[in-house]
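Structure assessment
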Amino acid sequence: MLDKNVINVHIHHFEQATTVPEKSVIIVGSGPAGIATAMSIIKMAPALANDMLVLEKARHPRHKPCGGGLTAFADQTLDELGLRKRIAGIAVHKVRFLLGGRPFNFERENLMRIVRRDEFDADLVMQARDAGIEIREDTAVHDLIRREDGIVIESSAGTFKTKVLVGADGANSLVRRKLVRESDTRVSRLLEAVIPLARQDDQNTAIFDFSAMRQNLRGYIWEFPTQVGGKAHLNIGIFDSRIHGGPRANIRKLLSDRLSSHGFSNAETQIEGHPERWFSPRGIYAQPNVLLVGDAAGIEPWLGEGISIALGYGPVAARAIRDAFATQDFSFSGYRDLILTSKLGKLLNRNRRVAGLFYSRPARPFLAAFGRALAIQFDLRKHSSFHLRRQHVL
Ligand SMILES: Cc1cc2nc3c(=O)[nH]c(=O)nc-3n(C[C@H](O)[C@H](O)[C@H](O)COP(=O)(O)OP(=O)(O)OC[C@H]3O[C@@H](n4cnc5c(N)ncnc54)[C@H](O)[C@@H]3O)c2cc1C
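Given the structure is predicted, the values throughout are model-derived calculations rather than measurements.

With that out of the way, let us pick up helix α5 (residues 117–130). Over its 14 residues, α5 extends 20 Å from the first C-alpha to the last, a length consistent with the 20 Å expected when each residue adds 1.5 Å. Residues of α5 that are buried include every one of Phe-120, Asp-121, Leu-124, Val-125 and Ala-128, and no others. Projected onto a plane normal to the axis of α5, the buried residues spread over an arc of 135 degrees and lie on a single side. Those residues of α5 that are buried lie in contact with α2 (32–44) and β6 (134–136). One or two positions beyond α5, positive phi appears at Gly-132, with a value near 100 degrees.

Given below as structure tokens:
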């Protein structure tokens, strides 16, 4: 059990040692990973809750390139974090995989939902504030300096000091680049565009089209229904996991071709790019006084699903932080093992292995067979008493 006295004594000593504003825990980034970590700290280490600060460079609602696809796993994690699903988005009742030249349809009420990330993230931030979490927006962290007793943070709103720094600052994480240097690059590439839909039908189907694997794409093109300003739109994007080396697909051309098939040219469509970073069991996720969560750490490279994963990091990081204050050991040397043995780590590892196999060249002739196996498994589960809320993606 966490000893509140130990934490309070520690906080007191730490406060005396410096003159800059300081907190026991500072989280950089208020996306799903940062908010999930803060909410989990409130639950698991309430003594730290009033001595925690979230720094965010943007102001919510802020733009984030993202398909906004939320699976049942994401909703289950939101429930566990005590976060309400106030932004319903669009319910998807049919998911179509195009695999090995064949369509596979998976149909069930509320199979997944599609949210706009600006609305979804802003609502999570509002809920976190209501829970008492201090979040400073318009505060960009631009430098991080390690000191013997913690980390000094230079930001656009001045200098802060913290005993524990959580890097929840996304795929291009400054925290990772400055303090958790790792030579390994595990970066997926994504492009997306949002186009208006002339027809309002089929607003409840999401498409994952793997056909471009024939052109060396180790990923898929997605088409997700979405709403912008109350009007039906399509979020179309391309995910290149890059889990294997070798020749790369021309993802810009592949996306342009898909947009053309919907009657949109490059000139009239804004295409946005943003990377994702994927998880490896051998990766480095912590240094003394520093932890990474969400995209800053790594997500899964099969479907590139990152929102649920970002949320799932919260309880794992909070547990590591609670234990660090209880034992006064801030090395975080056990953080990777904590991730690996958690529900999140098992999912990350499973999907990393699936991605490795699925996107390998020798697997290509068997993709249709994989689709059939997936469809059979889905039907069995649909008709059994197995509780679907435990499912990830399908
Ligand atoms: C094109 C695209 C489509 C995607 N589609 C899906 C999808 O459909 N479903 C899904 O589950 N996942 C999807 N993902 C992945 C998903 O968007 C991410 O995994 C998720 O946003 C990770 O959350 P996070 O909190 O770790 O990081 P982010 O959401 O990136 O949040 C990081 C926060 O840190 C802030 N920040 C960054 N640097 C600093 C700094 N120096 N100082 C202060 N604040 C800082 C940022 O402003 C931001 O608010 C997609 C990703 C991309 C690129």
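The environment of the ligand is formed by 39 residues, the closest being Gly-29, Gly-31, Gly-67, Gly-294 and Gly-306. Those elements that provide at least two residues to the shell around the ligand are α2, β10 (187–196), β14 (272–277) and α8 (307–327). Of the residues assigned to the shell around the ligand, the class counts are 16 nonpolar, 14 polar and nine charged.

A separate point is the sheet that holds strand β13 (residues 231–240). Strand pairing in a sheet relies on backbone hydrogen bonds. The paired strands run either parallel or antiparallel. Spatially, β3-β5-β4-β11-β12-β13-β10-β14 is the arrangement adopted by the eight strands of the open sheet, whose pairing is mixed. Only two strands of the sheet have a single partner each, and these edge strands are β3 (69–70) and β14.

Looking at the protein, pLDDT values average 91 and 92% of them are 70 or higher. Of the regions scoring below 50 in pLDDT, residues 385–394 engages in 16 contacts with residues more than four places distant in sequence or in other chains.

Those residues of helix α4 (residues 72–81) that fall on the buried side of the exposure criterion are Ala-72, Phe-73, Ala-74, Thr-77, Leu-78 and Leu-81. Against the buried residues of α4 lie α2, β3 and α8. At the exit of α4 stands Gly-82, carrying a positive phi of roughly 75 degrees.

About the cut-offs
- Residues numbered from 1 in each chain as written.
- Predicted model: local features only at pLDDT ≥ 70, side-chain atom pairs only at ≥ 80, totals over all residues.
- Helix = DSSP H or I, 4+ residues; strand = E, 2+ residues; numbered from the N terminus.
- Expected span 1.5 Å × (residues − 1).
- Buried ≥ 20, exposed ≤ 12 C-beta atoms within 10 Å, placed from the backbone.
- Arc of directions from axis to C-beta.
- Contact = placed C-beta atoms within 7 Å.
- Near = placed C-beta within 6 Å.
- Nonpolar A, V, L, I, M, F, W, Y, C, P; charged D, E, K, R; others polar.
- Pairing = 2+ DSSP bridges.
- pLDDT = per-residue confidence, 0-100.

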